Amino acid sequence: MRKKKPRTNSLSSNDTDSHIRPSIIETSDHLRQLHRHEPKKNETVAVAVSGGVDSMVTTLLLKEHEHKVLALHMVLRPEDSPEPGEHIVKLAARLGVPLHVVDLRRPFRQEVIKPFLEAYRRGKTPNPCVICNPSIKFTLLLEQAAKLGATTLATGHYVRLLRDESDGSVRLFRGRDRSKDQSYFLYRLSQAQLARTFFPLGNYLKSDVKKLAAEAGMQEYHRPESQEICFISDNDYRAFLEQHLESDLPGPGPVMDLKERQLGEHKGIHRYTIGQRRGLGIPSSAPYYVIGLEPDTNTVRVGRESDLRRREMLVTDVNWIAACPPTSELQALVQIRSRHRESPASIRPTSAGTLVRFLEPQKAITPGQSAVFYNEDEVLGGGFIEQVLS
């Protein structure tokens, strides 16, 4: 590696958090003083290394700031070898960090793949990353890091952690680069998990990260990013479901409109998702969209684009990151997909779950996806969309 160090902002610099406004926040009962949450110098930090530029630069930043660093590479897909690939071995050697391969194929299948399959079988559209982060990466990988002597697990997520000095809690915020923000996928993390985690890239733009990698002479190790589901190599989730569920899938059924007229026949509700327009096979002067999946009757419900806009939903299995569950209604911004622009809503606890009502109707609210609650850039918590009510 070149002797020249990449030019970076200090990991402990307070001014890099200046765009979280205000840094001292007045609430109804106390003043919150927020400071960066990060490991101390000379502590051992384990980095989750995937082979991409984000984990690569995360490692470079930690080494530059006098941390003892080791690399952990997860093996997750059932078909993958437990031995590390040549790219990962060469990357760790170039970074100058010891490499440890963690075989998590069995728990990954049990905790992530099986629930993914079951959700689709029940007519829902899950997000496996939301499940993997709390159950695999920030539990099992974190445990392995501790066994190897690391006090902290660092990843290349574009999010920020701040510690509230008034009560000691760790708060999760969006990353500075809004286009790469990954806070939506981390809302299920607990205080115990966040306290032992570090996200060095939270204050960086993606363009800055690529520049740091280039300055360190690491371009040859940069692999293209994948936005697909990591355990479905060709991104054909329909074929994956049919291969693994086979006879458990209900098969063809009716395509019905809102007036209970049958407009066609579908090929299995697992092949459709809310908001889908293509592949319905319904001749019409105006397009139809999937507006509902009804597994009890094996029905795909369709309507016009205006029928996709709904206002109210029931959210279950809610996790609140740094606060007790509210006992009365509160106002927040709610995000219903990873690329959805958050929108104002009221959040009210009920005996059946958490009732969320948007001020303005939202397009394609999808059961199985997550609804994440924000106060400006701070993640308050979130849960799974169980049912669209109106």
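In what follows, the structure referred to is the one given above.
Nothing here was measured: the structure is a model prediction, and the numbers come from that model.

**Here we look at helix 7 (residues 237–245)**
Since one α-helical turn is 3.6 residues long, residues separated by three or four positions face the same way.
No. 1: Three or more residues of helix 7 are buried, namely Tyr-237, Phe-240, Leu-241 and Leu-245. The arc that holds every buried residue of helix 7, seen down its axis, measures 105°, which confines them to one face.
No. 2: On its buried face, helix 7 sits against helix 3 (105–121).

**Some words on the sheet that holds strand 3 (residues 44–48)**
No. 1: The parallel open sheet is built from 5 strands, whose spatial order is 5-4-3-6-9. Both edges of this open sheet fall to strand 5 (99–103) and strand 9 (197–198), since each of them pairs with a single strand only.
No. 2: Both strand 3 and strand 6 (residues 152–154) contribute to a ladder of 3 bridges, which runs parallel. Paired with Val-45 across the strands is Thr-152, a residue of strand 6.

**Examining the pattern of salt bridges**
No. 1: Across all of its chains, the model carries 23 salt bridges by this definition.
No. 2: Across the pair Arg-36 and Glu-38 runs a salt bridge whose closest N-O atoms are separated by 3.7 Å.
No. 3: The class for Arg-36 is buried, based on a relative accessible area of 16%.
No. 4: Overall, Glu-38 belongs to the partly exposed group, its relative accessible area being 27%.
No. 5: A salt bridge links Glu-118 to Arg-121, with the shortest nitrogen-to-oxygen separation between them at 2.7 Å.

**Things to note about unusual backbone geometry**
In most cases, non-glycine residues show a negative phi, while peptide bonds are predominantly trans.
No. 1: Phi is positive for Glu-260, close to 65°, though the residue is something other than glycine.
No. 2: Considering the arrangement of structural elements, one finds Glu-260 in the loop between strand 10 (253–256) and strand 11 (262–266).
No. 3: Even without being glycine, Asn-298 reaches a positive phi, approximately 55°.
No. 4: Examined against the element boundaries, Asn-298 turns out to sit in the loop between strand 12 (289–294) and strand 13 (299–303).
No. 5: Residue Asn-298 is classed as buried on the basis of its relative accessible area, which comes to 12%.

**Some words on the packing of aromatic side chains**
No. 1: Counting across every chain of the model gives 9 aromatic pairs.
No. 2: A centroid spacing of 5.5 Å and a plane angle of 55° characterise the contact between Phe-231 and Phe-240, whose relative ring orientation is tilted.
No. 3: Overall, Phe-231 belongs to the buried group, its relative accessible area being 4%.
No. 4: Using a relative accessible area of 11% as the deciding quantity, one classes Phe-240 as buried.
No. 5: Ring geometry for Trp-320 versus Phe-373: centroids 5.5 Å apart, planes at 40°, classification tilted. Linking Trp-320 in strand 14 (residues 309–320) with Phe-373 in strand 18 (residues 370–375), this pair joins segments that are 53 residues apart in sequence.

**Concerning the environment of Lys-114**
No. 1: Structurally, the position occupied by Lys-114 is in helix 3.
No. 2: Judged by its relative accessible area of 41%, Lys-114 falls in the partly exposed class.
No. 3: For the pair Lys-114 and Gln-191, spaced 77 residues apart in sequence, the C-alpha to C-alpha distance is 26 Å.

**Some remarks on the sheet that holds strand 12**
No. 1: Spatially, 4 strands are ordered 11-10-13-12 in an open sheet, and the strand pairing comes out mixed. Edge positions in the sheet fall to strand 11 and strand 12, since each has one partner strand and no second. For this sheet the average axis-to-axis angle between neighbouring strands, irrespective of direction, equals 30°.
No. 2: Taken together, the 4 bridges between strand 10 and strand 11 define a ladder with antiparallel strand orientation. Within strand 11, the position partnered with Pro-254 by the bridge is Glu-265.

**Topic: the nonpolar core**
No. 1: Within the largest apolar cluster, 46 residues are counted, with the highest numbers of intra-cluster contacts made by Leu-72, Phe-108, Phe-116, Ile-136, Leu-153 and Phe-231.
No. 2: Per-element tally for this core: the top contributor is helix 4 (residues 128–147), with 7 residues.

**Observations concerning the pairing of strand 18**
No. 1: Within strand 18, 5 of the 6 residues are buried, leaving the element largely enclosed by the surrounding structure.
No. 2: With 3 bridges joining them, strand 15 (residues 330–335) and strand 18 adopt antiparallel strand pairing. Opposite Val-334, over in strand 18, you have Phe-373 as the bridge partner.
No. 3: Pairing of strand 18 with strand 19 (residues 378–388) involves 6 bridges; the strand directions are antiparallel. Within strand 19, the residue paired with Ser-370 across the bridge is Phe-384.
No. 4: Linkage of strand 18 to strand 19, two consecutive antiparallel strands, is achieved through a turn of 2 residues, within which Glu-376 is found at a positive phi near 55°.

Definitions and limits used
Residues numbered from 1 in each chain as written. Predicted model: local features only at pLDDT ≥ 70, side-chain atom pairs only at ≥ 80, totals over all residues. Heavy atoms only, no water. Buried < 20%, exposed > 50% of the residue type's maximum accessible area, 1.4 Å probe, protein only. Helix = DSSP H or I, 4+ residues; strand = E, 2+ residues; numbered from the N terminus. Arc of directions from axis to C-beta. Contact = heavy atoms within 4.5 Å. Pairing = 2+ DSSP bridges. Salt bridge = Lys/Arg side-chain N within 4 Å of Asp/Glu carboxyl O. Phe/Tyr/Trp six-rings, centres within 6.5 Å; stacked < 30°, edge-to-face > 60°. Axes fitted to C-alpha atoms, helices over the stretch in contact; angles between N-to-C directions. Core = buried A, V, L, I, M, F, W, Y, C linked by side-chain atoms within 4.5 Å.

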